[in-house]
Amino acid sequence: MTHEIKAKSALKVIRPEKVKTLLLPGEVGATIELIVKDRNGKITDHRGPMRSRSFVKQFLELLWIQTNQLDEIGPYDVRDTGNVLRAICESGFSFGCNAGAGVVTHGVMVGTGNTAPTINDYVMETLIAHGVAAGQLQYGAVAFGAPASDATTSRFTITRDFSNGSGGAITVNEIGLYVMGYDPNITYYFMTIRDVIGGGIAIPNGQTLTVNYQPQAAI
Amino acid sequence: MLTARLTLERFGKDGRLLEKKEQPSRSFLFQFIELLYVAHAQITAGAPYPMQDITDAARNIDSATEGAGNYRGAKCNLRIGSPGGLSGAWCWSGANPASFVNIIKPSANVGIVVGSGVGAVVPTNYALGTKIAHGDGAGELEYGGCELIGLTLADPNGQFTIRRYLTNSSGGNVTVQEVGIYSPGGNGTLDSSFVFAIARDITGAVVVADTELLRVTYAIQITV
């Protein structure tokens, strides 16, 4: 049996003064907001915004590559989501996460693993696959909210919807971000953020989880 | 989270450390978040994103490259490493099929920069208050190269260091009150690169006498 979930991705404009500042002065990080809605758009669960704890090492390595402008003569080895070291150089593709619907190579990702993050994590512990079979979620396209700033904090938003047409409830315990990196000819994918959600967040059948990652800098 | 620690060290001409100031860097600016946005969203040349450069001009920036497989898809966005002084910093604009590389001169405009402004930092600062120019004239400092060194990763921390030496050959004192980081962004349509302020910190007065050397260090760290 095929289930179809009708849900539209949407970005809401939140006035900067309404956004809680969760970062301390001097921190660059991200916040996570999780919203579950039923098929009528009614919110059934809402968590956050809360601090994302966990830039993992691939974030720093890609930043190192890009800020250093490392070229193909002297690339830097970064472990991809397939657990293979890739010789990556600077490029216009670095950090790209603009994945389309159903694409699970990059963008915001969800999983069921609940082991605490470490800086060495390179992949989601147990990625939830795209689809409508048992235990699967339908990955929407990644959307972006343009940068904005208030008196203390600059931010932008990365959003993705996950619709549950699996026939049963699914609990998301981990959320991450996969981004692109480039050797001179091939795009590879790297995890830059991984967070575990305490207690997880359940998505009943027929409902949609929206994840808002908001990278930000506070002064 | 990512944090940074800012250190200013003043050395005599004999290499002796005369003064050391350390403080948390508080001040990654709006333009840093904007360059991260351009990268994450893969902003195209056809629909570029406008940013305010260090001259207070709006500049359209994108993630476009000259094409997959050509010149590694090179793009100068977020560059910090830089040669010193008046030499040029090559910056890949991402133009296709034009020259796709241009040169920012002086390269003292890429990487760590110092100034004499004392105005409070706000996220939308687009430049230092008053940048100290490269040179050996009155009120100037000679900018060495901006280096990135020491990437280390050991759970739960990862870090690297951004460093620049500045020499006072001006014949008089030069007072540093602010420090920042400048970084370029490219426009693939115009085949041009522009410079943006991505960090700015107020340091309090550090008086660098003639013949003395100033070492400025940002230690970037992530902690899980």
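Parameters at a glance
Residues numbered from 1 in each chain as written. Chains lettered and ligands numbered in written order. Predicted model: local features only at pLDDT ≥ 70, side-chain atom pairs only at ≥ 80, totals over all residues. Helix = DSSP H or I, 4+ residues; strand = E, 2+ residues; numbered from the N terminus. Rg over C-alpha atoms; globule rule 2.2 N^0.38 Å. Buried ≥ 20, exposed ≤ 12 C-beta atoms within 10 Å, placed from the backbone. Contact = placed C-beta atoms within 7 Å. pLDDT = per-residue confidence, 0-100. Core = buried A, V, L, I, M, F, W, Y, C linked by C-beta atoms within 7 Å. Pairing = 2+ DSSP bridges. Axes fitted to C-alpha atoms, helices over the stretch in contact; angles between N-to-C directions.

Undergrad: Describe the overall build of chain B, listing the residues and the values that go with them.
TA: Of the regular secondary structure elements, chain B holds one helix and 12 strands. Counting helices and strands in the order they occur from the N terminus, chain B gives β-β-α-β-β-β-β-β-β-β-β-β-β. Relative to a compact globule of 224 residues, whose C-alpha radius of gyration would be 17 Å, chain B shows 18 Å and is just as compact. Along the three orthogonal principal directions, the C-alpha set of chain B runs to about 50 × 45 × 30 Å. Taken across its 224 residues, chain B has 52% of its residues classed as buried. For chain B, contacts bridging at least 24 residues in sequence account for 65% of all contacts bridging at least 6.

Undergrad: Explain the interface of chain B and chain A residue by residue, including any values.
TA: With 47 residues of chain B in contact, the opposing surface of chain A contributes 51 residues. Listing elements by their share of the side of chain B that touches chain A, those giving two or more residues are β1 (2-11), β2 (17-25), α1 (30-41), β8 (142-154) and β9 (157-167) of chain B. The greatest single-element share of the side of chain B that touches chain A, amounting to nine residues, is contributed by α1(B).

Undergrad: Report on the confidence of the model for chain B, specifying residues and quantitative values.
TA: Per-residue confidence for chain B gives a mean pLDDT of 94, with 96% of residues at or over 70. Interface confidence for the predicted complex, expressed as ipTM, amounts to 0.96; the pTM equals 0.94.

Undergrad: Report on the nonpolar core, specifying residues and quantitative values.
TA: Residues and elements named next belong to chain B. The biggest cluster of nonpolar side chains holds 119 residues, and the ones touching the most others in it are F32, F196 and I198. Among the elements that make up this core, the one with the highest residue count is α1 (nine residues). Setting aside chain neighbours within four positions, we find I198 in contact with F28, L29, Q31, F32, L35, I181 and S183.

Undergrad: Summarise unusual backbone geometry; cite the residues concerned and give the values.
TA: All names here are of chain A. Note that the residue after G48, namely P49, is joined by a cis bond; omega there is 10 degrees. We note that N83 has phi near 65 degrees; this positive angle belongs to a residue other than glycine. Among the structural elements, N83 can be located in the loop between β3 (76-79) and β4 (85-88). Residue classification places N83 among the exposed positions, given that 8 C-beta atoms sit within 10 Å. If you check the backbone angles, F95 has positive phi at about 75 degrees while not being a glycine. With respect to the helices, strands and loops of the structure, F95 is situated in the loop between β4 and β5 (107-111). On the basis of neighbour counts, which here come to 29 C-beta atoms within 10 Å, the residue F95 falls in the buried class.

Undergrad: Hey, could you go over the environment of A:G145 for me, with residue numbers and the actual values?
TA: Of note, A:G145 is situated in strand β7 (residues 143-149). Note: C-alpha distance between A:G145 and A:L127 (18 residues apart in sequence) is 25 Å.

Undergrad: Account for the pairing of β2(B), with residues named and values stated.
TA: In the sheet, β1(B) pairs with β2(B) via eight bridges, with the strands oriented antiparallel. Of the residues in β2(B), the one forming a bridge with B:F11 is B:L17.

Undergrad: Mind laying out the sheet that holds β5(A), listing which residues take part and the relevant values?
TA: All names here are of chain A. Spatially, three strands are ordered β5-β9-β10 in an open sheet, and the strand pairing comes out antiparallel. With one partner strand each, in any of the chains shown, β5 and β10 (187-203) form the two edges of the open sheet. For this sheet the average axis-to-axis angle between neighbouring strands, irrespective of direction, equals 25 degrees. In this structure, strand β9 (residues 170-182) lies alongside β10, joined through 12 bridges in antiparallel fashion. Each bridged residue has a counterpart across the sheet, and for M180 the counterpart in β10 is Y189. Packing against the sheet, helix α1 (residues 57-68) makes contact with β9 and β10, and its axis sits at approximately 150 degrees to β10.

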